[in-house]
Amino acid sequence: MSRIEGVLKSLKGQGRKALIPYITAGDPHLDQTVDLMHTLVDAGADIIELGVPFSDPMADGPVIQQACERALRHGTSLRQVLAMVKTFREKDDATPIVLMGYLNPMEAMGQEKFADAAVDAGVDGILTVDLPPEEADEVAPLFTARNLDAIFLLAPTTTDDRIRAISEHSSGYVYYVSFKGVTGAGKIDVDEVASKVAHIHELTALPVAVGFGIRDAATAAAVGRVSDGVIVGSVLVDTIARNQADPDQLKRALSDLLHPMREALDSLAS
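Quick look at the structure, then. Computed from a predicted model, the values in this text were never measured in an experiment.

About the criteria used
- Residues numbered from 1 in each chain as written.
- Predicted model: local features only at pLDDT ≥ 70, side-chain atom pairs only at ≥ 80, totals over all residues.
- Heavy atoms only, no water.
- Buried < 20%, exposed > 50% of the residue type's maximum accessible area, 1.4 Å probe, protein only.
- Helix = DSSP H or I, 4+ residues; strand = E, 2+ residues; numbered from the N terminus.
- Pairing = 2+ DSSP bridges.
- Right-handed = clockwise from strand over helix to strand, strands pointing away.
- Phe/Tyr/Trp six-rings, centres within 6.5 Å; stacked < 30°, edge-to-face > 60°.
- Salt bridge = Lys/Arg side-chain N within 4 Å of Asp/Glu carboxyl O.
- Contact = heavy atoms within 4.5 Å.
- Axes fitted to C-alpha atoms, helices over the stretch in contact; angles between N-to-C directions.
- Parallel < 35°, antiparallel > 145°, perpendicular 65-115°, else oblique.
- Left-handed = near helix turned anticlockwise from the far one by under 90°.
- Nonpolar A, V, L, I, M, F, W, Y, C, P; charged D, E, K, R; others polar.

### What to know about the pairing of strand β8 (residues 208-211)
Because side chains alternate across β8, one face comprises the buried residues V208 and V210, and the other comprises A209 and G211, equally buried. Pairing of β8 with strand β9 (residues 229-232) involves two bridges; the strand directions are parallel. Paired with V210 across the two strands is V230, which belongs to β9. Tracing the backbone out of β8, into helix α10 (residues 217-224) and back to the parallel element β9 gives a crossover that is right-handed.

### Here we look at the packing of aromatic side chains
In total, this model carries three aromatic pairs according to the counting rule given. With a centroid separation of 5.2 Å and 25 degrees between ring planes, the pair formed by F54 and Y102 is classed as stacked. Of this pair, F54 sits in the loop between β2 (48-51) and α3 (62-73) while Y102 is found in the loop between β3 (97-101) and α5 (103-109), placing the two residues 48 residues apart along the sequence. Centre to centre, the rings of F114 and F143 are 6.4 Å apart; their planes meet at 70 degrees, and the pair counts as edge-to-face. On the criterion of sequence distance, the pair formed by F114 in helix α6 (residues 111-121) and F143 in helix α7 (residues 139-145) is long-range, its members being 29 residues apart. In terms of burial, F114 and F143 fall into one category: buried.

### Concerning the pattern of salt bridges
All told, the structure shown has 15 salt bridges when counted by the stated rule. With a closest N to O distance of 2.6 Å, D116 and R146 form a salt bridge. Of this pair, D116 sits in helix α6 while R146 sits in the loop between α7 and β5 (149-151); the two residues are 30 residues apart in sequence, bridging distant segments of the chain. Each of R3, R89, D93 and D124 takes part in salt bridges that share partners, so that together they form one network.

### What to know about helix α2 (residues 33-42)
Most of α2 sits inside the fold, with seven of its 10 residues counted as buried. Looking at α2, one finds that the buried residues are T33, V34, L36, M37, H38, T39 and L40. Looking at the buried positions of α2, the neighbouring elements they touch are β1 (18-24), β2, α4 (78-89), β3, α11 (234-242) and α12 (247-267). Immediately beyond the C-terminal end of α2, within one or two residues, lies G44, with a positive phi of roughly 120 degrees.

### Re the sheet that holds β1
Within a sheet, adjacent strands bond to each other through the backbone by hydrogen bonds, running parallel or antiparallel. Ordered in space as β5-β4-β3-β2-β1-β9-β8-β7-β6, the nine strands form an open sheet in which the pairing is parallel. Strands at the two margins of the open sheet, each flanked by one partner only, are β5 and β6 (153-154). Relative to β9, β1 runs parallel, the two sharing four bridges. Across the sheet, residue I20 finds its bridge partner in β9, namely I231.

### Some thoughts on the packing of helix α8 (residues 160-169) against helix α9 (residues 190-203)
With their axes 10 Å apart at the nearest point, α8 and α9 run at an angle of 60 degrees to one another. Between α8 and α9, the angle is such that the two are oblique. For the crossing formed where α8 meets α9, the hand is right-handed. Residues D160, I163 and R164 of α8 lie in contact with α9, whose contacting residues are K196, H199, I200 and L203. Classifying every residue of the contact of α8 with α9 by side-chain character gives three nonpolar, one polar and three charged.

### A word on the side chain of T239
Along the chain, T239 falls in helix α11. Owing to a relative accessible area of 4%, T239 belongs among the buried residues under this scheme. With residues near it in sequence (within four places) discarded, T239 still touches L250, A253, L254 and L257.

Spelled out as structure tokens, the structure:
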């Protein structure tokens, strides 16, 4: 059982929902990422999605694109991101870490070499935004053989056949994108999400975590009622951008934003 599967099963047994924050590695600076990861855990994160900065993101809106630009200006590389995870593991061996990024940096390193390095660093899952299931036959077995969860995106437009195909290659959880568009670009329709997530559950036994549009405790609770977990990204990355000049204030701001979401999700279990 992977760390991701273990955490999600434990939460389900408690009637609780997963809180999965996303930040971009190397933003606002390489030296701050590990500290921010611990801050997220202290504020209630169950799983962390750590973005690998990339120069040409497709699914990310302006907020996360700018975070990638800031990280790349500092020279943040895939190897450095893996080193951050390894440092994080010195103090936290329990919180699952999912690397979220694009195929090019992995291919540049070499897929098998990357998979080995990810395991060595303590990574638990890989979400490759631009890797469709039709092209996952080579990569997914490398992850499976190393107990790395392969996580894929589902969209509102994803057909039933593709949901089944994606689920066959997936483990850990599937990431449902709550609306058509890029991160930070729209407002979530909870009724529509509820209907879609219920349908996805009919087609896969995997937990369904919902991202895009989670901005505060109210939206986290609303989405938590109809899913297995909520993924919070752009609002955290924007908070990092607005507080990057003061590291201590930055940590307080992230905690102040995430902790009410944790409380709101936990209130659903009572």
